[in-house]
Amino acid sequence: MRHLIVLLLSAVLALPVLAAERMQRLGEVEAHYSVFNSSFLQPEIAKASGLTRSKELGVLNLSFVQQGKGQVVKLSGTVTDLMSKTTPLTFRETKEGSAVYYLAQFKQSSREILKFKIEAEFADGQRHTLQFSQEVFPD
């Protein structure tokens, strides 16, 4: 499983223009996120991580880190397109050692700017909202 995470992150980081990782602070926690086209994943990586490869599907990759350790969170979220159509996101948790990642797929049909809104509830009961916009470029 560790190799899967390394390969997935390598795929994301190998595409810096298309999948630049970003970070926001949520209290004492760093929220790291990246958005990329699922078609950029190698078939074996997509299969192993339970993702569908398609030029019409994007991937949101999230991780929450506090003092160098991955945090387990309860997530809910939405993605909204330019026509104000809001779609809920379904997150899949992946753990590897102290690292915890959350993956969600979403439809992308044309070049546009999507708005993401993620609600995160941490183990201590604190809740934070992560909001950002990302331009997507379907294959």
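The paragraphs below set out a description of the structure included in this document. (Residues numbered from 1 in each chain as written. Predicted model: local features only at pLDDT ≥ 70, side-chain atom pairs only at ≥ 80, totals over all residues. Heavy atoms only, no water.)

### Here we look at the packing of aromatic side chains
Thinking step 1. Under the criterion given, the structure shown has 5 aromatic pairs.
Thinking step 2. Ring centres of Phe64 and Phe122 lie 5.8 Å apart, and the angle between their planes is 80°; this geometry places the pair in the edge-to-face category. Of the two residues, Phe64 is situated in strand β3 (residues 57–66) and Phe122 in strand β9 (residues 112–122); the sequence distance between them amounts to 58 residues.
Thinking step 3. Phe122 gets classed as buried once you look at its relative accessible area, which sits at 8%.
Thinking step 4. When the ring of Phe116 is compared with that of Phe132, the centres are 4.9 Å apart and the planes differ by 15°; the resulting orientation is stacked. Of this pair, Phe116 sits in strand β9 while Phe132 sits in strand β10 (residues 127–136), and the two are 16 residues apart along the sequence.
Thinking step 5. Classification of Phe132 as buried rests on a relative accessible area of 7%.
Thinking step 6. Through pairs of rings, three or more aromatic residues link up here, namely Tyr33, Phe106, Phe116 and Phe132. (Phe/Tyr/Trp six-rings, centres within 6.5 Å; stacked < 30°, edge-to-face > 60°. Helix = DSSP H or I, 4+ residues; strand = E, 2+ residues; numbered from the N terminus. Buried < 20%, exposed > 50% of the residue type's maximum accessible area, 1.4 Å probe, protein only.)

### Considering the nonpolar core
Thinking step 1. Membership of the largest hydrophobic core comes to 24 residues, with the highest contact counts inside it found for Leu60, Leu62, Phe64, Leu89, Phe91, Phe106 and Phe116.
Thinking step 2. Among the elements of the structure, β2 (29–37), β3, β5 (73–80), β8 (99–107), β9 and β10 are those that each provide at least two residues to this core.
Thinking step 3. Take this core: its biggest share by element is 5 residues, from β9. (Core = buried A, V, L, I, M, F, W, Y, C linked by side-chain atoms within 4.5 Å.)

### Section: the pairing of strand β6 (residues 86–89)
Along any regular strand, the residues point their side chains to alternate faces of the sheet.
Thinking step 1. Bridge count for β5 against β6 is 4 bridges, and the pairing is antiparallel. From the neighbouring strand, Gly77 faces β6, where its bridge partner is Leu89.
Thinking step 2. Taking the residues that link successive antiparallel strands as the turn, the β5-β6 hairpin has 5 residues, and the phi of Ser84 there is positive, at about 65°. (Pairing = 2+ DSSP bridges.)

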